[in-house]
Amino acid sequence: MLAQPGFTVRYLKELETRELRVPVTKDAALFAKVRNAGARLLWLHTYGERFVPKGKRRGHVPNGEARCVKAVPGDRAGYPESFEYNDATRILNVGGGRFAPVSREVFEFEVSASRWFSRGLDTE
């Protein structure tokens, strides 16, 4: 829930202090919906080891769509200093590397008002 853009927009001022607070609803149906989304997220983030959905086997999560088309160089000189996303082709270039197809939602994923992808890269 803290990673949703709506949350970070609504609570941006509060997030600047990094004191996170999680709002909880009194609506039982909404609470169950959020709980189920959280369980799925934990299932995916633990590589299928926790909160395994009914009908799924432990340790197995679905493969994503994006693939490494060209590897990011592994040597010091090849360390990526920039990245570029093309909405039309759904290609994400990371330094000399390339990933596709990458959805806009994946590229814009953020946690607590911080874009996960831009951390550590010089984007200016």
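Residues numbered from 1 in each chain as written. Predicted model: local features only at pLDDT ≥ 70, side-chain atom pairs only at ≥ 80, totals over all residues. Heavy atoms only, no water.

### Regarding the pattern of salt bridges
Tallied over the entire structure, the rule returns four salt bridges. A network of salt bridges, in which partner residues are shared, links Asp 87, Arg 104 and Glu 108. (Salt bridge = Lys/Arg side-chain N within 4 Å of Asp/Glu carboxyl O.)

### A word on the sheet that holds strand β4 (residues 97-100)
Reading across from one edge, β1-β4-β3-β2 is the order of the four strands in this open sheet, with antiparallel pairing throughout. Each having just a single partner strand, β1 (67-70) and β2 (83-86) make up the two edges of the open sheet. Taken pair by pair, the neighbouring strands of this sheet meet at an average axis angle of 25°, ignoring direction. Across three bridges, strand β3 (residues 91-94) lies against β4 in antiparallel orientation. Across the sheet, residue Val 94 finds its bridge partner in β4, namely Gly 97. (Pairing = 2+ DSSP bridges. Helix = DSSP H or I, 4+ residues; strand = E, 2+ residues; numbered from the N terminus. Axes fitted to C-alpha atoms, helices over the stretch in contact; angles between N-to-C directions.)

### A short note on the pairing of β2
Bridge count between β2 and β3: four bridges; the pairing is antiparallel. Looking at the pairing, Phe 83 lines up with Val 94 of β3. In sequence, β2 turns back onto β3 through a hairpin of four residues, with Arg 90 there showing a positive phi of about 60°.

### Some remarks on the packing of aromatic side chains
Inspection of the entire model under this criterion finds two aromatic pairs. Measuring from centroid to centroid gives 5.9 Å for Phe 83 and Phe 107, while their planes differ by 65°, and the two rings are edge-to-face. Taken as a pair, Phe 83 in strand β2 and Phe 107 in helix α4 (residues 104-107) lie far apart in primary sequence, 24 residues in all. Residue Phe 83 is classed as partly exposed on the basis of its relative accessible area, which comes to 21%. Taking the centre distance of 4.7 Å and the plane angle of 10° together, the rings of Tyr 85 and Phe 107 count as stacked. With Tyr 85 in strand β2 and Phe 107 in helix α4, this pair connects stretches of sequence that are 22 residues apart. Looking at Tyr 85, the relative accessible area reads 13%, which means it is buried. With a relative accessible area of 9%, Phe 107 lands in the buried category. Site record: aromatic cluster; members linked through ring pairs are Phe 83, Tyr 85 and Phe 107. (Phe/Tyr/Trp six-rings, centres within 6.5 Å; stacked < 30°, edge-to-face > 60°. Buried < 20%, exposed > 50% of the residue type's maximum accessible area, 1.4 Å probe, protein only.)

### Details of the confidence of the model for the protein chain
Averaged over all residues, the pLDDT of the protein chain is 83; the fraction at 70 or higher stands at 84%. Within the protein chain, no element has a lower average pLDDT than strand β6 (residues 114-115), which sits at 61, and none a higher one than β4, at 95. Residue range residues 119-124 is modelled with pLDDT below 50. Its contacts to residues more than four positions away, or to other chains, number nine contacts. (pLDDT = per-residue confidence, 0-100. Contact = heavy atoms within 4.5 Å.)

### Side note on the side chain of Asn 93
Here Asn 93 lies in strand β3. Residue contacts for Asn 93: discarding those within four places in its chain leaves Ser 82, Phe 83, Glu 84 and Arg 98.

### Some points on helix α3 (residues 28-45)
Its 18 residues give α3 an end-to-end C-alpha distance of 25 Å, which sits within 8% of 26 Å, the value for a rise of 1.5 Å per residue. Note on α3: the residue one or two positions beyond its end, Tyr 47, has a positive phi of about 55°. (Expected span 1.5 Å × (residues − 1).)

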